Amino acid sequence: MAVAERDGVRTRARILEIAQELFAKRGYAGTSIADIARELGTSKAALYYHFSSKEQILGALITEPLSMYTALAERCQKETVPPEELLGALIDLTTETHAVNALLSNDPSITPTLLGLYDVEGNLQTFIRSLAGPRAGEASRARAWAAFTVAKQATFWAVQAGNGKLSPAARKEFLAAALRCLKP
């Protein structure tokens, strides 16, 4: 990789880092391209060389984490994923993507961009169908929602409280609790 290319990759990464920090502090709507450029120590024109809009920056921030969830949902559509494996994967993805999850869950101004890029609701319904089973009644779906919520929300808050980390013991307990939710 040429020096200019390497510098461009570093600059893009730094822009994303700064944008994520500012979006978390001020909100997506409360952060401008000028704010990001100022924090980066460059001009808006130089920033536009790397990203054509604030929406493109947000898209770059959320693409990888949401692609991982989409890949898991696609796998659930193609094959039967055992509940323990699916819930474990959700716990692991939530841990890995905690910073972006915090940004997405705390800022309603991001929702239109998020929904324009990903089928969040479709993925969620796929996970619930997979956990509830093929001929699920209302009770099975309710248990699937409870298991999903334990896996995602308990992990999210534990990771937030644990400075971005989840202990193996906590992961084991969350998985066990989520699996208990599936039992009638």
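Up top is the structure these notes are about.
The rules behind each value
- Residues numbered from 1 in each chain as written.
- Predicted model: local features only at pLDDT ≥ 70, side-chain atom pairs only at ≥ 80, totals over all residues.
- Heavy atoms only, no water.
- Phe/Tyr/Trp six-rings, centres within 6.5 Å; stacked < 30°, edge-to-face > 60°.
- Buried < 20%, exposed > 50% of the residue type's maximum accessible area, 1.4 Å probe, protein only.
- Lys NZ or Arg CZ within 6 Å of the ring centre and 35° of its normal.
- Helix = DSSP H or I, 4+ residues; strand = E, 2+ residues; numbered from the N terminus.
- Expected span 1.5 Å × (residues − 1).
- Contact = heavy atoms within 4.5 Å.

(A) Layout of the packing of aromatic side chains. Per the counting criterion, the structure on display carries four aromatic pairs. Here Phe 23 and Tyr 28 contribute two aromatic rings whose centre-to-centre distance is 5.1 Å and whose plane-to-plane angle is 75°, an arrangement assigned as edge-to-face. Using a relative accessible area of 2% as the deciding quantity, one classes Phe 23 as buried. Both rings, one in Phe 156 and one in Trp 157, keep their centres 4.8 Å apart while their planes meet at 80°; by these two values the pair is edge-to-face. For Trp 157, a relative accessible area of 52% corresponds to the exposed category. Among the aromatic residues, those joined into a ring-pair cluster are Phe 127, Trp 145 and Phe 148. For the cation-ring pair, Lys 54 lies above Tyr 28, with the distance from its terminal atom to the ring centre recorded as 4.3 Å.

(B) Quick look at helix H9 (residues 138-161). Compared with the 34 Å implied by 1.5 Å per residue over 24 residues, the 34 Å span of H9 between its first and last C-alpha is a close match. When we look at burial in H9, the residues that qualify are Ser 140, Ala 144, Ala 147, Phe 148, Ala 151, Lys 152, Thr 155, Phe 156 and Val 159. The first or second residue beyond H9 is Asn 163, which carries a positive phi of 55°.

(C) Geometry of the environment of Ala 19. Turning to its location among the elements, Ala 19 is positioned in helix H1 (residues 3-26). Relative accessible area serves as the criterion here: at 0%, Ala 19 is assigned to the buried category. Residues Ala 19 and Tyr 118, spaced 99 residues apart in sequence, show a C-alpha to C-alpha distance of 20 Å.

(D) Spotlight on the side chain of Asn 123. Turning to its location among the elements, Asn 123 is positioned in helix H8 (residues 120-132). We classify Asn 123 as buried; its relative accessible area is 13%. When near neighbours in sequence (up to four residues on either side) are disregarded, Asn 123 contacts Tyr 69, Thr 70 and Ala 73.

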